[in-house]
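Examination of the molecular architecture
So the chains spell out like this:
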Amino acid sequence: MDKSKIKKIVLAYSGGLDTSVIIPWLKENYNDPEIIAVSGNVGQQSELEGLEEKALKTGASKLYIEDLTKEFLEEYVFPCVMAGAKYEGYLLGTAFARPPIAKRIAEIALREGADAICHGCTGKGNDQVRFELAIKAVAPDMPVIAPWREWSIRSRSEEIDYAEAHNVPLKISRETSYSKDKNIWHLSHEGLDLEDPANEPQYNKPGFLEMCVSPEQAPDTPTYVTVHFEQGVPTAVDGETLGSVALVEKLNALGGANGVGLLDLVENRLVGMKSHGLYETPGGSILYKAHEVLESITLDKETAHYKALVGQKLGELVYNAQWFTPLTEAILAFVKTTQQTVTGDVKLKLYKGNIINVGVTSPYSLYDSEIATFDEDEVYNQADASGFINLYGLPIKVRAKMNAKKDQ
C-alpha cells in the first residue's frame, strides 16, 4: 500500500482506547489524511455520549453515528436465536454485531470516496477477520489498514502511554482497562486478571458488572416472566407487545436484576489460540432458553435433532466471520421453514442466576397429554409396543445370532 496515495480514510470508531489513539497515529503515519469516523450504534448507550466531540478533538473531520440497533436484532440476532446458534456456549454478542457495523462502514466508505478503511482490531483477535471479510462482501477492492499489525505499540499499557503523550482523553485507567465490547445484546470483558482462567471474575466488585448483578446480590424472591413468540420471533413480554429493541431492553432489565446471563468461558478463537473472558447476556439468555422450551413442544423429533446440528454449524459460521456466505444464507432459509409452528408462550422463573422453565403453551403443540398419560387412556394400545420392539431390535437380534454361530 502506497501511504502517500491514502488521502481519505474511513475509521471504524468506538471511542475506546484502540480507536482513540488510532486517529492521531494515522495522521502521523499516513501523510495527514482526512479521517472520517463511523460509529455503529448497536445499543451501547452511554458509550456514545460525547463521541462526536472526542472524535473531532482527536483529529477526525466528521463522525457518523449510524443507528443499527433494530437491524442488528432483527436481521442478525433473532434469526440465530431461532436456529439455536451458539459457539461453545457463547451467545455470539460481538460476532453478531460485526457484520452490520462493517457493512455500513463499507457503504459509507464507498459513498465518501475513501481510499481505505481502518479498524482497531488486534492481530490476535477474531474481530479483525469479521470486519475484513464483511468489508470484502460489500467493497471487495477497498484497502484495509489495521494499525495493530503495523505499529510498534505492543500492549494496552503502551496505548495509554501514547494517548497521554498526544492528549487523547480516556475514560479508563491502567487499573480498569479491561477490553470490553458492549451492545444491546451483551457485554464482554477480557484482559487484566481475567487473562488467568484460575482467577474468579470479580462479580461483586462495584462497577465490574454493568448489565447484571452477581447471583449473590440478586433478590431472594424469584421473578416470573412470560415471553410470546410468533413463528420463532419474540414479540411480547408479560402480555405486552413490544418492538425488538424494547423487548430486549426489558428482558435485559429483568434478567440482569436476577443475575441471569453470566458466562465465564475459555473459548477457541478463530486465530488458533484459547482466550478467557466473561460475558453478560441477560436478555439473550432468557430468549435462547424460552425459544428452546417452545420448540420442545412444537417441533417433531427428526426436525429438532437435525436443526440442532445445523444450529451448531451456524454458530461456528457466525463466530468465524462467515456471515456473508452461501452456506449461512442457506442455513437461515432452512431454519425459517422450521419456525412456521413455533408460536406460543413460555413462562420462566428467574432466580439468582437461574432460568427455570415453569410452563409452555402453543396452539401447535405436538404434546398430547392423553397419549403421554400414565393413567388409563383410550388412544394408545400398549400391546402395539411388542411388534415395534421386535422390528426395531431385529438388527441386534440378527447380529447376536451370527456371533453365536461363529463361537460354536
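To be clear, the structure that these remarks concern was listed above.
Report follows, based on the coordinates. (Residues numbered from 1 in each chain as written. Predicted model: local features only at pLDDT ≥ 70, side-chain atom pairs only at ≥ 80, totals over all residues. Heavy atoms only, no water.)

1. Some points on the sheet that holds strand S1 (residues 8-12)
In spatial order, the strands read S3-S2-S1-S4-S5; together these 5 strands make up an open sheet with parallel pairing. The outermost strands of the open sheet, each flanked by one partner alone, are strand S3 (62-67) and strand S5 (144-145). Summarising the sheet, strand S4 (residues 116-118) and S5 pair through 2 bridges and their orientation is parallel. Pairing of Ile 117 across the sheet is with Val 144, part of S5. (Pairing = 2+ DSSP bridges. Helix = DSSP H or I, 4+ residues; strand = E, 2+ residues; numbered from the N terminus.)

2. With respect to the packing of helix H1 (residues 17-29) against helix H6 (residues 156-165)
Packing of H1 against H6 leaves a shortest axis separation of 10 Å and a crossing angle of 55 degrees. On the basis of their axis angle, the class for H1 and H6 is oblique. Remark: the crossing between H1 and H6 carries left-handed chirality. Judged by residue contacts, Leu 17, Asp 18, Val 21, Pro 24, Trp 25 and Glu 28 of H1 engage Arg 156, Glu 159, Ile 160, Tyr 162 and Ala 163 from H6. Its residues assigned to classes, the contact of H1 with H6 comprises 7 nonpolar, no polar and 4 charged. (Axes fitted to C-alpha atoms, helices over the stretch in contact; angles between N-to-C directions. Parallel < 35°, antiparallel > 145°, perpendicular 65-115°, else oblique. Left-handed = near helix turned anticlockwise from the far one by under 90°. Contact = heavy atoms within 4.5 Å. Nonpolar A, V, L, I, M, F, W, Y, C, P; charged D, E, K, R; others polar.)

3. A look at the side chain of Gln 44
Within the element layout of this structure, Gln 44 appears in the loop between strand S2 (34-41) and helix H2 (51-57). Residue Gln 44 is classed as buried on the basis of its relative accessible area, which comes to 8%. One polar contact links the side chain of Gln 44 to the main-chain amide nitrogen of Val 42, over a distance of 2.7 Å. Contacts of Gln 44, omitting those with residues within four sequence positions, involve Ser 39, Lys 182 and Asn 183. (Buried < 20%, exposed > 50% of the residue type's maximum accessible area, 1.4 Å probe, protein only. Polar contact = N/O pair within 3.5 Å; in protein donor to acceptor, adjacent residues only side chain to side chain.)

4. What about unusual backbone geometry?
One non-glycine residue with positive phi stands out, namely Asp 238, at about 55 degrees. Mapped onto the fold, Asp 238 is located in the loop between strand S9 (233-237) and strand S10 (240-241). Positive phi values are uncommon outside glycine, yet Ala 321 reaches one of about 70 degrees. Tracing the sequence through the fold places Ala 321 in the loop between helix H9 (301-319) and helix H10 (326-338). Note on Ala 321: relative accessible area 11%, which makes it buried.

5. Observations concerning the packing of aromatic side chains
What characterises a pair of aromatic rings is the spacing of the ring centres plus the angle enclosed by the ring planes. All chains considered together, the criterion is met by 12 aromatic pairs. Measuring from ring centre to ring centre gives 5.5 Å for Trp 25 and Trp 151, while their planes differ by 90 degrees; the resulting arrangement is edge-to-face. Taken together, the residues Trp 25 in helix H1 and Trp 151 in the loop between S5 and H6 connect sequence positions 126 residues apart. Per residue, the accessibility class of Trp 25 equals that of Trp 151, and both read buried. Measuring from centroid to centroid gives 5.3 Å for Trp 148 and Trp 151, while their planes differ by 70 degrees, and the two rings are edge-to-face. (Phe/Tyr/Trp six-rings, centres within 6.5 Å; stacked < 30°, edge-to-face > 60°.)

6. Quick look at the side chain of Thr 338
Within the secondary structure, Thr 338 is located in helix H10. For Thr 338, a relative accessible area of 8% gives the class buried. There is a polar contact of 2.6 Å between the side chain of Thr 338 and the backbone oxygen of Val 335. The contact partners of Thr 338, leaving out residues within four places of it in the chain, are Leu 299, Thr 303 and Lys 307.

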